[in-house]
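# Remarks on the overall topology
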Amino acid sequence: MKICRVEKTLVATSRIGGLENRRLLVVKERGGGKQVAVDPVGCKPGDWVICVGSSAARDAAGSKDYPSDFTIVGIIDYWEETEEGNK
Amino acid sequence: MKICRVEKTLVATSRIGGLENRRLLVVKERGGGKQVAVDPVGCKPGDWVICVGSSAARDAAGSKDYPSDFTIVGIIDYWEETEEGNK
Amino acid sequence: MKICRVEKTLVATSRIGGLENRRLLVVKERGGGKQVAVDPVGCKPGDWVICVGSSAARDAAGSKDYPSDFTIVGIIDYWEETEEGNK
Amino acid sequence: MKICRVEKTLVATSRIGGLENRRLLVVKERGGGKQVAVDPVGCKPGDWVICVGSSAARDAAGSKDYPSDFTIVGIIDYWEETEEGNK
Amino acid sequence: MKICRVEKTLVATSRIGGLENRRLLVVKERGGGKQVAVDPVGCKPGDWVICVGSSAARDAAGSKDYPSDFTIVGIIDYWEETEEGNK
């Protein structure tokens, strides 16, 4: 699973039906780029979170049929990020 | 899910039967390269979109058997891309 | 799906039974490295093709059980590659 | 499978139910970044381990439904890492 | 599928039961890093091989439930690697 930081909510009004009205967040991976994650946990901007990909992202979002490939599965209690730690 | 920008339609007349006659788009990932995505939403060049990969791309394209690994699932209402934001 | 260019046929006499005698091609991804793809379409060296990965590569190769993770699904009618376009 | 080194336990009290109370570890991939892996083996910081991704990570964590995309499947008996070997 | 070169056998005595006693090899991807692959073919150090990932790696290793995400599926008859070819 990846370690990411929550940036903000992403609004996408025009979407496929399968996405339903779940909350989508822009997250930034440690040392990587921005991605979009489904949030079934309830995060706020600035939270460090654990995101799961692959087929596990679907079950984690609530059902085997949900079309997600990146879903937040937990909020990290404490994460200290340093410049040199960003490797 | 990835944040991509739609470039143009891709024409591939010679294709496997499973692809059917779905519309394929060239999209460019933020800070990344060009890929081909199936478009069940109806996008136009310049749109910022959310693309899903993995097995979720198949259901998102319409059926569990569809041979896609990258499918557009929504159009982002507003995305401001800055040079420094391209990280 | 990825945009690749066909380089040549790859010969691998010693292989697992599941691969059967399907044709394997060396392809080079745009701006990336060489990979091996199964070719159910019938390509020739120099063709620009669309390759699918993930579990979709299996169905695209002909059956849900086929052990491929990269399969050609179509030949692009026209692709102009420029140096600056290789990003 | 990837070759990683165990760094420490990761605490994430707020998590989805599917994750249960399994132990999550921060691991660092050889020549790569930090990730989070489920540990069904029982590792300690400093161990060099083999981590599996994709859908195999789910079964490796104990069940087909477990939402992991990175699971430790074994501890390497002996791994000598040199600077030039980190490629 | 990826083009890799076999380096050596990897010993991991402490492992999950699902891995059974299959032979694990350290392989180095062309232009990439070292990974661990299951070897159902019978390779020797120095062989250039084709490795499959994703869910296909599981069937290739012998069963749908086998926890592999990287399995050798064939030995390349002839591969000439040059410095400039390593791209």
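The structure we're discussing is the one just above.
Residues numbered from 1 in each chain as written. Chains lettered and ligands numbered in written order. Predicted model: local features only at pLDDT ≥ 70, side-chain atom pairs only at ≥ 80, totals over all residues. Heavy atoms only, no water.

## Overview of the overall build of chain A
Counting its secondary structure elements, chain A contains 1 helix and 6 strands. Along chain A, from the amino end to the carboxyl end, the secondary structure elements read β-β-β-β-β-α-β. Principal axes of the C-alpha set define a box for chain A whose edges measure 40 × 25 × 20 Å. Buried residues in chain A amount to 53% of all 87 residues. (Helix = DSSP H or I, 4+ residues; strand = E, 2+ residues; numbered from the N terminus. Buried < 20%, exposed > 50% of the residue type's maximum accessible area, 1.4 Å probe, protein only.)

## Describing the interface of chain C and chain E
The interface is formed by 26 residues belonging to chain C together with 24 residues belonging to chain E. Summed over both sides, the interface between chain C and chain E buries roughly 1,900 Å², with carbon and sulfur atoms accounting for 58% of that surface. The partner of Lys64(E) in a salt bridge is Asp65(C), with the nearest N and O atoms 2.8 Å apart. Counting across the chain C and chain E interface gives 10 residue pairs in polar contact (both at pLDDT 80 or more). Those elements that place two or more of their residues in the side of chain C that touches chain E are strand S2 (14-15), strand S3 (24-29) and strand S4 (34-38) of chain C. For the side of chain C that touches chain E, the element with the most residues is S4(C), which contributes 4 residues. Bridge analysis of S2(C) against strand S6 (residues 70-75) of chain E gives 2 bridges, and the strand direction is antiparallel. Looking across to S6(E), one finds that Ser14(C) is bridged to Ile75(E). (Contact = heavy atoms within 4.5 Å. Buried area = accessible area lost by both parts, 1.4 Å probe. Salt bridge = Lys/Arg side-chain N within 4 Å of Asp/Glu carboxyl O. Polar contact = N/O pair within 3.5 Å; in protein donor to acceptor, adjacent residues only side chain to side chain. Pairing = 2+ DSSP bridges.)

## Examining the arrangement of the chains
Regarding chain C and chain D, the two do not touch, and the least distance separating their C-alpha atoms is 9 Å. In this view chain A stays clear of chain E, with the nearest C-alpha atoms of the two still 9 Å from each other.

## Regarding the relation of the copies chain C and chain E
Note on the identical chains: chain C maps onto chain E by a rotation of 72° and an axial translation of 0.0 Å, with an RMSD of 0.0 Å. Here the symmetry operator amounts to a five-fold rotation axis. When C-alpha positions in chain C are compared against the rotation axis, the closest is assigned to Ser54(C), at 4.9 Å. Interface overlap between copies: only 8% of the residues of chain C at the interface are likewise at the interface in chain E, consistent with a contact formed by different surfaces. (Least-squares fit on C-alpha atoms with pLDDT ≥ 70 in both.)

## Observations regarding the interface of chain D and chain A
With 26 residues of chain D in contact, the opposing surface of chain A contributes 24 residues. Carbon and sulfur atoms make up 58% of the surface buried where chain D meets chain A, a total of about 1,900 Å² over both sides. Together, Ile16(D), Lys34(D) and Asp69(D) form the three largest contributors to the area buried by chain D at its contact with chain A, with a combined 28%. In this structure, the connection of chain D to chain A is made through 2 salt bridges. Residue Asp59(A) pairs with Arg58(D) through a salt bridge whose shortest N-O separation is 2.9 Å. Those elements that provide at least two residues to the side of chain D that touches chain A are strand S2 (14-15), strand S3 (24-29) and strand S4 (34-38) of chain D. Top element by residues in the side of chain D that touches chain A is S4(D). It accounts for 4 residues.

## Points about the pattern of salt bridges
The final tally for this structure, using the stated rule, is 40 salt bridges over all chains. A salt bridge links Arg22(C) to Glu20(C), with the shortest nitrogen-to-oxygen separation between them at 3.2 Å. Given a relative accessible area of 27%, Arg22(C) falls into the partly exposed group. Linked by salt bridges that have partners in common, Arg58(A), Asp65(A), Asp59(B) and Lys64(B) make up one network.

## A closer look at the relation of the copies chain D and chain A
With an RMSD of 0.0 Å, chain D superimposes on chain A once it is rotated by 72° and translated 0.0 Å along the axis. Counting the interface residues of chain D, we find that no more than 8% of their copies in chain A are interface residues as well, pointing to two distinct contact surfaces.

## Topic: the pairing of strand S5 (residues 48-53) of chain C
Residues and elements named next belong to chain C. For S5, the buried fraction is high: 6 of the 6 residues fall into the buried class. Judged by which residues are buried, S5 turns out to be covered on both faces: Trp48, Ile50 and Val52 on one side and Val49, Cys51 and Gly53 on the other are all buried. Direction of pairing for strand S1 (residues 2-9) relative to S5: antiparallel, over a ladder of 4 bridges. Looking across to S5, one finds that arginine 5 is bridged to tryptophan 48. By the bridge criterion, 5 bridges tie S5 to strand S6 (residues 70-75) in an arrangement that is antiparallel. Pairing of cysteine 51 across the sheet is with isoleucine 72, part of S6.

## So, the pairing of strand S1 (residues 2-9) of chain B
Regular strands place their side chains on alternate faces of the sheet. In this structure, S1(B) lies alongside strand S3 (residues 24-29) of chain B, joined through 5 bridges in antiparallel fashion. Across the sheet, residue Val6(B) finds its bridge partner in S3(B), namely Val27(B).

## Thoughts on the state of the cysteines
Residue and element names in this part refer to chain C. On inspection of all chains with the given rule, the structure shows 0 disulfides over all chains. Note on cysteine 51: no disulfide assigned, nearest cysteine sulfur contributed by cysteine 4 at a separation of 3.9 Å. The class of cysteine 51 is buried, set by a relative accessible area of 0%. (Disulfide = S-S within 2.5 Å.)

## A few points about the environment of Ala60(E)
On the secondary structure map, Ala60(E) appears in helix H1 (residues 56-60). Along the chain, Ala60(E) and Val73(E) lie 13 residues apart, while their C-alpha atoms are 6.7 Å from each other. Setting aside its immediate chain neighbours within four residues, Ala60(E) contacts Ile16(C), Pro67(C), Pro40(E), Val52(E), Thr71(E) and Val73(E).

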